Amino acid sequence: MSEDVRVDELSRRTSAEATEHFWPVEHLDALEFDPLLHRLLREEPVALVRMRFGDGHAWLVTRYQDIKEVTSDPRFSRALTVDRPVTSMTPHVVAPAGGIGRTDPPDHTRLRRLLAQTFNRKRIALLRVETEAIAERLVGELLAQGPPADLTEYVTGPMPEQVIGKLLGVPESDLGRLQAWRGVILSSDHSLEESNAVKAEIAGYFRALADRRLTDPGDDLFSELSLAQAEGALSRPELISLAVMIVLNALDQVRQQCSTMVYTLLTHPEQLARLRAEPELLPTAIEELLRFIPQRNGVGLPRIATEDVEVGDVLIRAGEAVYVSYLAANRDPEVFTDPDRFELTRDESPNLAFGHGAHYCLGAALTRMQAEVILSTLLRRAPELRLAIAPEEVRWRRGSINRGPETLPLAW
């Protein structure tokens, strides 16, 4: 090793030399961006943080390019987070141990390939036809109610329920239970005991449903996965964890993201007028909405370094925990011009709203499809759509991982 390389390595900061930032992950309203993320991105793009729960501290990576490198680097492991109480914003880990979110290759590769085969473009295309019919009915009910009417009650709440019911073959009578379980598991306010009890309930539900699907299969994703499990392609715990993560993400993410997308458009009238005049811009607008909206509180799942790795000006030691913030990456001024501005026709680097690398969200296409259907249906059927109350009067969720309005009263 050359003298220059040795000096360069010695100049890298380590956790022993870095300032630890306490990050309580406070709940923010509307489109307010987390001030710590905003500052660290510009001043300390690889920083040491400690959150409310868990042990010790972890590195937080906020710069776009650094995040792409970390999430593509096999030296950062998700599997090693199992049974390790890494500092976090919740008293429990949302993703189940052994599930696709907390595995590494070759298990992760096997599960992702299997899910990609069943959760494919053909299935999404067929589901879109049903989703469009659902949206027409739900928006029709919203309009029939008359203003003011709550978007979350009439459209963005029931839409993902009904779509995920069709995707997984969940009986309509069981959707209420899934919603109740979702509310607890994705909460940062419930205790570890409460969360674990609900996790056991939802796992038991899908174990029973898997048993039924083996003798009475349907034309749905869960039936195919249950058959694959019976044939040995995946284990029963892996099957259950896949179902749970699909449900949690589909029920909550679509509801919160789509509601906030509508709020964002209605509070940016010039951008909305442009979209109404040029509806063909909708796919581009959705990508900008995904980039711009701070869709969650805090960060997702951590990774553990399996060996010493240099990231930016930091030397991350083997065994240290690392988080990445896709929210911060989407506001990186080195990648996006004037990143804190919502610009409907922005045409720059792809956003990282659904992650990057091996753990890129497999439900991204489904979420984008539902967002496009909901927005296009609302804009077409309610051309005078507006908020029924002042923007500052909208109530925003508290005690939850994902951000969004509790209710969104609309008029037209």
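Each remark here, short or long, concerns the structure printed above.
The text that follows walks through the structure, step by step, so that each part is easy to find. (Residues numbered from 1 in each chain as written. Predicted model: local features only at pLDDT ≥ 70, side-chain atom pairs only at ≥ 80, totals over all residues. Heavy atoms only, no water.)

The next subject is the nonpolar core. Of all hydrophobic cores here, the largest spans 111 residues; its most connected members are Leu168, Leu178 and Phe206. Counting residues per element, this core draws most heavily on helix H11 (residues 236-266), which supplies 18 residues. The contact partners of Phe206, leaving out residues within four places of it in the chain, are Leu168, Val170, Leu178, Phe222, Ile240, Ala243, Val244 and Val247. In terms of nonpolar packing, the next biggest core, distinct from the first, is built from 20 residues, Ala18, Val70, Ala305 and Ala329 among them. (Core = buried A, V, L, I, M, F, W, Y, C linked by side-chain atoms within 4.5 Å. Buried < 20%, exposed > 50% of the residue type's maximum accessible area, 1.4 Å probe, protein only. Helix = DSSP H or I, 4+ residues; strand = E, 2+ residues; numbered from the N terminus. Contact = heavy atoms within 4.5 Å.)

For the rest of this paragraph, the subject is the side chain of Thr152. With respect to the helices, strands and loops of the structure, Thr152 is situated in helix H6 (residues 151-156). For Thr152, the side chain forms a polar contact with the main-chain oxygen of Glu406, separated by 3.4 Å. Setting aside its immediate chain neighbours within four residues, Thr152 contacts Gly157, Pro158, Arg255, Ser259, Pro405, Glu406, Thr407 and Leu408. (Polar contact = N/O pair within 3.5 Å; in protein donor to acceptor, adjacent residues only side chain to side chain.)

A sheet is described by the order of its strands in space; here three strands give the open sequence S5-S11-S10, paired in antiparallel fashion. On the outer flanks of this sheet lie strand S5 (149-150) and strand S10 (386-387), each paired with one strand and no other. Of the strand pairs in this sheet, S10 and strand S11 (residues 409-411) are connected by two bridges, and their pairing is antiparallel. Among the inter-strand pairings, Leu387 is bridged to a residue of S11, identified as Leu410. (Pairing = 2+ DSSP bridges.)

To continue, consider the sheet that holds strand S3 (residues 58-61). Backbone-to-backbone hydrogen bonds pair the strands of a sheet. The strands run either parallel or antiparallel. Read across the open sheet, the six strands follow the order S1-S2-S3-S9-S6-S4; overall the sheet is mixed. Since the sheet does not close on itself, it has two edges, and those belong to strand S1 (20-22) and strand S4 (76-77), each with one partner. With respect to the sheet, helix H3 (residues 64-72) is in contact with strand S2 (46-50), S3, S4, strand S6 (303-305) and strand S9 (321-324), its orientation differing from that of S9 by roughly 130 degrees. (Axes fitted to C-alpha atoms, helices over the stretch in contact; angles between N-to-C directions.)

Quick look at the packing of aromatic side chains now. Aromatic rings considered in pairs are described by the distance between their centres and by the relative angle of their planes. If you walk through the whole model with that rule in mind, you get six aromatic pairs. Aromatic side chains Tyr263 and Trp396 sit 4.9 Å apart centroid to centroid with 90 degrees between the ring planes, which places their arrangement in the edge-to-face category. Taken together, the residues Tyr263 in helix H11 and Trp396 in the loop between S10 and S11 connect sequence positions 133 residues apart. As far as burial versus exposure is concerned, Tyr263 and Trp396 are alike and both buried. Taking the ring centre of Phe336 as reference, the NZ or CZ of Arg291 above it sits at 5.2 Å. (Phe/Tyr/Trp six-rings, centres within 6.5 Å; stacked < 30°, edge-to-face > 60°. Lys NZ or Arg CZ within 6 Å of the ring centre and 35° of its normal.)

So, about the pattern of salt bridges. Under the definition given, this model contains 33 salt bridges. Across the pair Arg236 and Asp211 runs a salt bridge, and its minimum N-O distance is 3.1 Å. Linking Arg236 in helix H11 with Asp211 in helix H9 (residues 192-215), this pair joins segments that are 25 residues apart in sequence. Residue Arg236 is classed as partly exposed on the basis of its relative accessible area of 21%. Among the residues examined, Asp211 registers a relative accessible area of 43% and is labelled partly exposed. What emerges from the salt-bridge pattern is a single network uniting Glu288, Arg291, Arg346 and Glu348. (Salt bridge = Lys/Arg side-chain N within 4 Å of Asp/Glu carboxyl O.)

Here we come to the environment of Arg274. Within the secondary structure, Arg274 is located in helix H12 (residues 269-277). We classify Arg274 as partly exposed; its relative accessible area is 38%. Beyond its immediate sequence surroundings of up to four residues, Arg274 is in contact with Leu281, Leu344 and Thr345.

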